[in-house]
Amino acid sequence: ADKVLSLAEGDIVLACEDQVWYRATVVQLLPESSVKVKLVDLAIMATVSRDKLRSAKAALMKEPVVAVSCCLDSWVKEDQKLALDKWGDKMDGILEQYSEVDVEVVNMTETQAQVKIPTLEQKLGKKEMSRAEMLKMKLKQKK
């Protein structure tokens, strides 16, 4: 695929993250040649430099997506922007420690699964979670 010459929000691209190329859509153009993209097959956001993007045709998105966006059941009525500001970075840090997370799907919409993860939601009820607490939580899950 060719290097991207110009970008706009909503563009379909290929994005390289951790040395793997993923289907992505441009979410936001950031300063210093950085771009926030949604990696559609991982259901996550990533910030990459423009040189890690390649052009892609819309037909690429016709293939089924292999991930589903999820929302914690206890957060469904929360303001999405406030929740992202408060928990976005922390949630990534907590969940990236797990190779798998068991969830109970409570409801399914066209774009998102509403899930319960009791042990995680209990921990998130605290104001802050230390690295030690996150590690303990991970070790308990492995038992």
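Residues numbered from 1 in each chain as written. Predicted model: local features only at pLDDT ≥ 70, side-chain atom pairs only at ≥ 80, totals over all residues. Heavy atoms only, no water.

Quick word on the overall build of the protein
Line of reasoning, step 1. When you go through the protein residue by residue, the secondary structure sums to three helices and eight strands.
Line of reasoning, step 2. When its helices and strands are written in sequence order, the protein yields β-β-β-β-β-β-α-β-β-α-α.
Line of reasoning, step 3. The buried share of the protein, reckoned over its 143 residues, is 27%.
Line of reasoning, step 4. Contacts in the protein between residues far apart in sequence, at least 24 positions, make up 47% of those at least 6 positions apart. (Helix = DSSP H or I, 4+ residues; strand = E, 2+ residues; numbered from the N terminus. Buried < 20%, exposed > 50% of the residue type's maximum accessible area, 1.4 Å probe, protein only. Contact = heavy atoms within 4.5 Å.)

Some thoughts on the sheet that holds strand β7 (residues 104–108)
Line of reasoning, step 1. Reading across the sheet, the three strands line up as β6-β8-β7 and stay open at both edges, with mixed pairing between neighbours. Both outer strands of the open sheet, β6 (70–72) and β7, are each paired with one neighbouring strand and no more. Here the strands of the sheet are splayed against their neighbours by 35° on average, with no regard to which way each runs.
Line of reasoning, step 2. Looking at chain direction, β6 and strand β8 (residues 113–116) are connected through three bridges and run parallel. Within β8, the residue paired with C70 across the bridge is A113. (Pairing = 2+ DSSP bridges. Axes fitted to C-alpha atoms, helices over the stretch in contact; angles between N-to-C directions.)

Details of the side chain of R23
Line of reasoning, step 1. Looking at the secondary structure, you find R23 in strand β2 (residues 20–29).
Line of reasoning, step 2. Only 2.6 Å separates the side chain of R23 from the side chain of D41, close enough to count as a polar contact.
Line of reasoning, step 3. If we skip the residues at most four places from it in the chain, R23 touches V13, L14, K38, L39, V40, D41, L60, M61, E63, P64 and V65. (Polar contact = N/O pair within 3.5 Å; in protein donor to acceptor, adjacent residues only side chain to side chain.)

Examining the side chain of Q114
Line of reasoning, step 1. Looking at the secondary structure, you find Q114 in strand β8.
Line of reasoning, step 2. Within the structure, the side chain of Q114 is placed 2.6 Å from the side chain of D73, a separation counted as a polar contact.
Line of reasoning, step 3. Look past the residues within four positions of Q114 in its chain and what remains in contact with it is C71, D73, V76, E104, V105, V106 and N107.

Considering the confidence of the model for the protein
Line of reasoning, step 1. Overall, the predicted model of the protein reaches an average pLDDT of 81, with 79% of residues at or above 70.
Line of reasoning, step 2. When mean pLDDT is compared element by element in the protein, strand β5 (residues 53–55) scores highest at 95, while helix α3 (residues 131–142) scores lowest at 67. (pLDDT = per-residue confidence, 0-100.)

Some words on the environment of V103
Line of reasoning, step 1. Relative to the elements of secondary structure, V103 occurs in the loop between α1 (80–95) and β7.
Line of reasoning, step 2. When the C-alpha positions of V103 and L120 are compared, they lie 10.0 Å apart, and in sequence the two are 17 residues distant.
Line of reasoning, step 3. Beyond its immediate stretch of four places on either side in the chain, V103 contacts V115, K116 and I117.

Observations regarding the pattern of salt bridges
When charged atoms on two side chains of opposite charge get close, those side chains can pair.
Line of reasoning, step 1. According to the stated counting rule, one finds one salt bridge in the structure shown.
Line of reasoning, step 2. The closest approach of N and O atoms between R23 and D41, which form a salt bridge, is 2.6 Å. With R23 in strand β2 and D41 in the loop between β3 (34–39) and β4 (44–49), this residue pair connects regions lying 18 residues apart in the sequence.
Line of reasoning, step 3. Taking relative accessible area as the criterion, R23 reaches 10% and is therefore assigned buried. (Salt bridge = Lys/Arg side-chain N within 4 Å of Asp/Glu carboxyl O.)

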